[in-house]
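Single-letter residue listing:
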Amino acid sequence: MSSRDDILTTIRANRPPVDRPLPDVPLFDQHPPASLLATFKDSLHGMGGLFLDPPPSGDPLARVRAKIADAKVVCSMVPEIAGNRNIADIIRPQGLADVDFAIVRASFAVAETGSVLLSETDLHVNAVAYLAQHLIVLLDPADIVINLHHAYRRPEFRDRHYVSFHTGPSATADIEGVLIHGAQGVRSLSVLPLARSLQNPTH
Amino acid sequence: MSTPPTMLHPELLARHDGDAILRDGRRLDHAEAASKPLRSRPEPQPRGAKIHGNRPVDQAEAAACFIAAPEHEKMHDERLWDLRQKRDREMHGIAEWEELRSLASAIKEHTLTHLDEYLEQFEAKARANGIHVHWARDAADHNRIVHGILNDHGAKSLIKSKSMLTEECGFRAYMASVGIEVIETDLGERIQQLDNEDPSHIVVPAVHKLRTDVAAVFSKTIGTDPDNSDVHYLAEAQRETTRPLILAADAGMTGCNFAVAETGTFVVCTNEGNADLSANVPKLHIASIGIEKIVPRLEHLAVFVRLLSRSALGSPVTQYTSHFRGPREGGEMHVVLVDNGRSERLGMEEFWTSLKCIRCGACMNTCPVYRRSGGLSYGATYSGPIGLIIDPTFNARKYSNLPFASSLNGSCSNVCPVKINIHEQIYAWRRELVKQHEVPLAKKAAMKAAGELLSRPAAYRAAIATADVALAHLPRFVIYNGLNAWGRHREVPHSPNQTFHSWHKANRGEKS
Amino acid sequence: MRDNFDAIEQTAEVKEVRARTFELIEFLHDIQKVEAFPWARFPHRVGLHNSCGTLRRLKHARPSELHEPFFSKPMDLLTKVEGIEFVTPARPDECCGFGGTFSVFEEVVSTKMGYDKVSDHARAGAEYIVSADSSCLMHQQGCAERIGVPLKFIHIAQILNGASA
């Protein structure tokens, strides 16, 4: 008998003789917050992420440009801003090891937790979101859902192979509880609220 | 009421060390210790239980050694109690918290009672998405399968993220024996790997170590300054020395927090992003998945993800919650579904619900015994309350003392996000181990005598009456000597002038 | 007794005793619904200790682990005592370490828990620790005396019954 058959046979033989029906899971959205964006921003801050308030007038990307001004290697996956490392040229993830800033657009975000959802469609090369020193995320405020119950109804979980919630930067508190950012992944994660342009609708 | 003091050991509070300030000047403190870091003086690290083959692990003795290292004990106790406090804070922010726990428990119990169906569904979906699915009966089977996959790819180095299942399987030792280099990428696991010591806690593997212990380990292994125990310095050193290994690795391995039958997806939660590096940098990704990790549908993930990090660390979610449903372009993905005693445990009437465990560690954080003993005192892969109820299934003899390392206070059951009745199972294991003749004669006799006394009211009253009279009159040296365990660390109780029973009888005149 | 006393044959008499075995606090709070203790006076700072059995099994009060509205039957009763002042330790419902046979088989951990418990109450400013559980009181008193923490220990029944300091 294969291991598979062994295991399944034992499971069937040892099935607990009790009736345990599967419960219905509510959406827990009876009391939505007044502003999803404001709640998202608070949650993001609580997890160590940065929120780039857009300027009252002028270039909405001004703060991003300021951030990346002195960077050596910028890899942009969004049409709104240009980098100097083309993700389409990357054959091996190791080719992204020297990236200072990666700029990406989130598929959507979750107000409850301050998370942004990044998938292989957003990233092109998944590893860029972890090898870059800093991550900048463009987020359309219309793409914010209330909580994780709503999040898991989104199609990304059914039609993509790699889908990851990022909530703030890489962090650890493994040594005496001292908080470290950039434990192994990005040292900072910044979110810029910016609607999707007509040329770049939700894919 | 007066304002409560916030710490048991306020002398541990250190000066502010300037990290992680929020924009409004508040100090960021999620998932870390109390708002200021703890600072203690160097002290040799206690090393945990002595393992002698299959002999029963003496947890009490190892716990005594931990308590005899007061700097370690205080830091450990305060740090984990703080995680418990943070968990409570998150709980109070979620009106539906108790409903979520009930849902999580019900989803898991349903799944476990239909485990074969859901495993088959998961396998079919995963295969359809291009994932290779393997099944491993036990630890040896798991190690052999992974070795085979690595060999097929000529892989000589493997980066991995934290997985308690791989600890169960003795994976690192096996890989070392067949000449494959394994690099742990989680900071806590890496510290333990470099120190040649097991992880002590399932979520924060090096929580028992002071920064001076870590400085000593790193100076010997990755060349840091032995006199520099600044945590940022140490963490940065680990990041910089591990990064090239990640980039050069032939293969990557992760564990799994949840596996969704409906879509063939498996979910890995980390705070560092090291699982995502392990999975997305090398071409080959292998995931070890315990068969109890299955949940039926995507909608159920919301319940578990909302409970996991809040219970474990007191943050709403882990920094990275990644869902893998198939290999990336040009890559290859394998999962190994591992039994290693789980299907047997399913057949244990009193203990099968321990399979609901989502490995959050909340029970360890709240356990007053665990916090004062350190995880290494249990001498097993799983320590703390959950360890007490699953370790005897791995080795009844070796872990026969563990269910006695509990005061049965019940806090663990209350914090468990999936409502495992941990403290009741601990008590049930004591009876079970006595039945299996694994409890030493002296212990059994003492417990039997106590049980008989407590169950017969007249005998109990007579006994305490005599005891109290004896106490009032015997000289001190008779009471305080090596034979009297009670008197070793405590003053013997004063005998009251009247026991409660006699007072009640005299004053109330009712039948008591 | 009510839940677990099933080791012996369940005669009608046994069942009767089990159903009527109320613990004192439950009896005064739930059954007699005592409104006042006019004979009781206890002008001291008091740390309330709910034993793990009374807290989590008998549900004398809300355990801090659960998301439920706060309630405390012992506190309800004790607040009716003139002059009493409560102080709160850092860890109000952490186990004190008695645990029955645990105090013998894991004596070092048990006593460390006891030392921590009494130190916590003392640091909060308690003069007395009050509890409905005699075993916990005995254990904590032994620990306090061994490490020289000047606390006094009293059973809740004594306070409610009008005992003075």
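Computed from a prediction, not measured in an experiment: that's the story for all the values here.

Reading the values: the criteria
Residues numbered from 1 in each chain as written. Chains lettered and ligands numbered in written order. Predicted model: local features only at pLDDT ≥ 70, side-chain atom pairs only at ≥ 80, totals over all residues. Helix = DSSP H or I, 4+ residues; strand = E, 2+ residues; numbered from the N terminus. Buried ≥ 20, exposed ≤ 12 C-beta atoms within 10 Å, placed from the backbone. Contact = placed C-beta atoms within 7 Å. Pairing = 2+ DSSP bridges. Axes fitted to C-alpha atoms, helices over the stretch in contact; angles between N-to-C directions. Parallel < 35°, antiparallel > 145°, perpendicular 65-115°, else oblique. Nonpolar A, V, L, I, M, F, W, Y, C, P; charged D, E, K, R; others polar. pLDDT = per-residue confidence, 0-100. Left-handed = near helix turned anticlockwise from the far one by under 90°. Core = buried A, V, L, I, M, F, W, Y, C linked by C-beta atoms within 7 Å. Expected span 1.5 Å × (residues − 1).

Participant: I'd love a proper account of the overall build of chain B, names of residues and values included.
Facilitator: Scanning chain B for helices and strands turns up 23 helices and 10 strands. Looking at chain B as a whole, 53% of its 512 residues are labelled buried. Partitioning the intrachain contacts of chain B with sequence separation of at least 6 by distance along the chain shows that 73% fall at a separation of at least 24.

Participant: Explain the overall build of chain C residue by residue, including any values.
Facilitator: Scanning chain C from N- to C-terminus turns up eight helices and four strands. Shown N-terminal to C-terminal, the secondary structure of chain C runs as helices and strands in the order α-α-β-α-α-β-α-α-β-α-β-α. A buried classification covers 43% of the 165 residues belonging to chain C. A fraction of 71% describes how many contacts in chain C between residues 6 or more apart in sequence connect residues 24 or more apart.

Participant: Describe the sheet that holds strand 5 (residues 258-260) of chain B, with residues and values.
Facilitator: Across the sheet, eight strands lie side by side as 7(A)-4(A)-5(A)-8(A)-9(B)-6(B)-5(B)-8(B); this open sheet has mixed pairing. Each end of this open sheet is capped by a strand with a single partner; those strands are strand 7 (144-145) of chain A together with strand 8 (294-295) of chain B. For strand 5 of chain B and strand 8 of chain B, the ladder comprises two bridges, and the chain directions are parallel. When the bridges of strand 8 of chain B are listed, V260 of chain B appears paired with V295 of chain B. Its contacts with the sheet put helix 12 (residues 298-312) of chain B on strand 5, strand 6 (265-270), strand 8 and strand 9 (320-324) of chain B, and the angle it makes with strand 5 of chain B is roughly 170°.

Participant: Help me get a handle on the packing of helix 6 (residues 107-123) of chain C against helix 7 (residues 134-147) of chain C, residues and values and all.
Facilitator: Residues and elements named next belong to chain C. Relative to each other, helix 6 and helix 7 sit at 80°, their axes nearing to 8 Å. On the basis of the axis angle, helix 6 is roughly perpendicular to helix 7. Every residue of helix 7 that contacts helix 6 at T111, G114, Y115, K117 and V118 is listed here: H139, Q140, C143, A144 and I147. Split by residue class, the contact of helix 6 with helix 7 holds five nonpolar, four polar and one charged.

Participant: For the interface of chain B and chain C, give the residues involved together with the corresponding values.
Facilitator: The interface of chain B with chain C comprises 44 residues on the first partner and 42 residues on the second. Broken down by secondary-structure element, the contributors of at least two residues to the side of chain B that touches chain C are helix 1 (59-67), helix 2 (70-92), helix 3 (97-112), helix 15 (368-373), helix 17 (411-415), helix 19 (441-455) and helix 22 (485-489) of chain B. Sorting elements by how many residues they give to the side of chain B that touches chain C places helix 19 of chain B first, with five residues. The residue inventory of the side of chain B that touches chain C, partitioned by class, reads 24 nonpolar, 13 polar and seven charged.

Participant: Account for the confidence of the model for chain C, with residues named and values stated.
Facilitator: Low pLDDT marks regions whose predicted coordinates should not be analysed in detail. When the pLDDT values of chain C are averaged, the result is 88; 85% of them are 70 or greater. Taken over the whole predicted complex, pTM reads 0.88, whereas the ipTM for its chain interfaces reads 0.97.

Participant: I'd love a proper account of the interface of chain A and chain B, names of residues and values included.
Facilitator: With 63 residues of chain A at the interface, the matching set in chain B holds 80 residues. For the side of chain A that touches chain B, the elements supplying multiple residues, two or more each, are helix 1 (3-13), helix 2 (36-46), helix 6 (148-151), helix 7 (156-159), strand 8 (162-166), strand 9 (171-172) and strand 10 (180-181) of chain A. With eight residues, helix 1 of chain A is the single largest residue contributor to the side of chain A that touches chain B. Alignment of strand 8 of chain A against strand 9 of chain B, held across five bridges, turns out to be antiparallel. Residue F165 of chain A lies in a different strand from strand 9 of chain B, and its bridge partner there is T321 of chain B.

Participant: Mind laying out the environment of K72 of chain A, listing which residues take part and the relevant values?
Facilitator: Residue and element names in this part refer to chain A. Within the secondary structure layout, K72 lies in the loop between helix 3 (62-68) and strand 2 (74-76). Assessed through the 11 C-beta atoms surrounding it within 10 Å, K72 is described here as exposed. Spatially, the C-alpha atom of K72 lies 8.7 Å from that of F101, the residues being 29 residues apart in sequence.

Participant: So what about unusual backbone geometry? Which residues, and what values?
Facilitator: Within the chain, E176 of chain A stands out as a residue other than glycine whose phi angle is a positive 50°. Following the sequence through the fold, E176 of chain A ends up in the loop between strand 9 and strand 10. Residue class for E176 of chain A comes out buried when judged on the 26 C-beta atoms lying within 10 Å of it. Although it is not a glycine, K419 of chain B adopts a positive phi angle of roughly 55°. Structurally, K419 of chain B is set in the loop between helix 17 and helix 18 (422-435).

Participant: Can you break down the packing of helix 3 of chain B against helix 12 of chain B residue by residue, with the values?
Facilitator: All names here are of chain B. Across the interface, helix 3 lies against helix 12 with an axial gap of 10 Å and an inter-helix angle of 125°. Considering the angle they form, helix 3 stands oblique to helix 12. Pair helix 3 / helix 12 crosses with left-handed handedness. On helix 12, the residues that touch L100, L103, A104 and I107 of helix 3 are H300, V303, F304, R306 and L307. Taken together, the residues of the contact of helix 3 with helix 12 break down into seven nonpolar, one polar and one charged.

Participant: Break down the environment of E424 of chain B for me, with residues and values.
Facilitator: Residue position: E424 of chain B is located in helix 18. Looking at E424 of chain B, the number of C-beta atoms within 10 Å reads 15, which means it is partly exposed.

Participant: Could you give an account of the environment of A106 of chain A, naming the residues involved and the relevant values?
Facilitator: Residues and elements named next belong to chain A. Secondary-structure assignment places A106 in the loop between strand 3 (101-105) and strand 4 (108-110). Under the C-beta neighbour-count criterion, A106 is labelled buried, with 20 such atoms within 10 Å. Here the alpha-carbon distance between A106 and L123, two residues 17 residues apart in the chain, equals 9.1 Å. Setting aside chain neighbours within four positions, we find A106 in contact with V116, L117, L118, D122, V137, L139 and D143.

Participant: How would you explain the nonpolar core if you had to name every residue and give the values?
Facilitator: Ranked by size, the top nonpolar core spans 220 residues in total, and within it A102, V128, A132 and V137 of chain A together with L301 and F304 of chain B carry the most contacts. Here this core takes nine residues from helix 12 of chain B, the largest share from any one element. With sequence-adjacent residues up to four places away left out, L301 of chain B is seen in contact with Y152 of chain A together with F258, V260, V267 and V295 of chain B.

Participant: Outline the sheet that holds strand 2 of chain A, supporting the account with residue identities and numerical values.
Facilitator: Read from one edge to the other, the open sheet built from five strands follows the order 1-11-6-3-2 (chain A), with strand pairing classed as parallel. Because the sheet does not close on itself, it has two edges, and the strands there are strand 1 (50-51) and strand 2 of chain A.

Participant: Which residues make up the pairing of strand 4 (residues 251-254) of chain B, and what values go with them?
Facilitator: Consecutive side chains of a regular strand alternate in pointing toward one face of the sheet and then the other. All names here are of chain B. Side chains A251 and M253 project from strand 4 onto one buried face, and the interleaved G252 and T254 project onto a second face that is buried too. When strand 2 (residues 157-160) meets strand 4, the two strands line up parallel, connected through three bridges. If you follow L158 over to strand 4, its bridge partner there is A251. When strand 4 meets strand 7 (residues 284-290), the two strands line up parallel, connected through four bridges. Within the sheet, the bridge partner assigned to G252 lies in strand 7 and is H285.

Participant: Account for helix 7 of chain C, with residues named and values stated.
Facilitator: Residues and elements named next belong to chain C. The terminal C-alpha atoms of helix 7, which comprises 14 residues, lie 20 Å apart, in line with the 20 Å expected from a rise of 1.5 Å per residue. C136, L137, H139, Q140, Q141, G142, C143 and A144 are the residues of helix 7 that are buried. Elements in contact with the buried residues of helix 7: strand 1 (45-49), helix 5 (102-105), helix 6, strand 3 (128-131) and strand 4 (152-155). G148 lies just past helix 7 and shows a positive phi near 75°.

Participant: Give me helix 8 (residues 187-194) of chain B: which residues, what numbers.
Facilitator: In terms of burial, helix 8 of chain B is a largely internal element, seven of the eight residues being buried. Taken together, the buried positions of helix 8 of chain B are L187, G188, E189, R190, I191, Q192 and Q193 of chain B. Here the buried face of helix 8 of chain B lies against strand 9 of chain A together with helix 7 (171-177), strand 3 (181-184), helix 9 (211-221) and helix 10 (231-248) of chain B. Phi turns positive one or two residues past the end of helix 8 of chain B, at N196 of chain B, with a value near 55°.

Participant: Let's hear about the confidence of the model for chain B: which residues, and what values?
Facilitator: Looking at chain B, pLDDT values average 87 and 80% of them are 70 or higher. Contacts for the low-pLDDT stretch residues 453-484 of chain B, under 50 throughout, to residues beyond four places or in other chains number 20 contacts.

Participant: Explain the pairing of strand 5 (residues 115-119) of chain A to me, using residue names and the numbers behind them.
Facilitator: Residue and element names in this part refer to chain A. In terms of burial, strand 5 is largely enclosed, as five of its five residues are buried. Across the two faces of strand 5 the burial is the same, with S115, L117 and S119 and V116 and L118 all buried. Summarising the sheet, strand 4 and strand 5 pair through three bridges and their orientation is antiparallel. Directly across from V110, in strand 5, lies its bridge partner S115.

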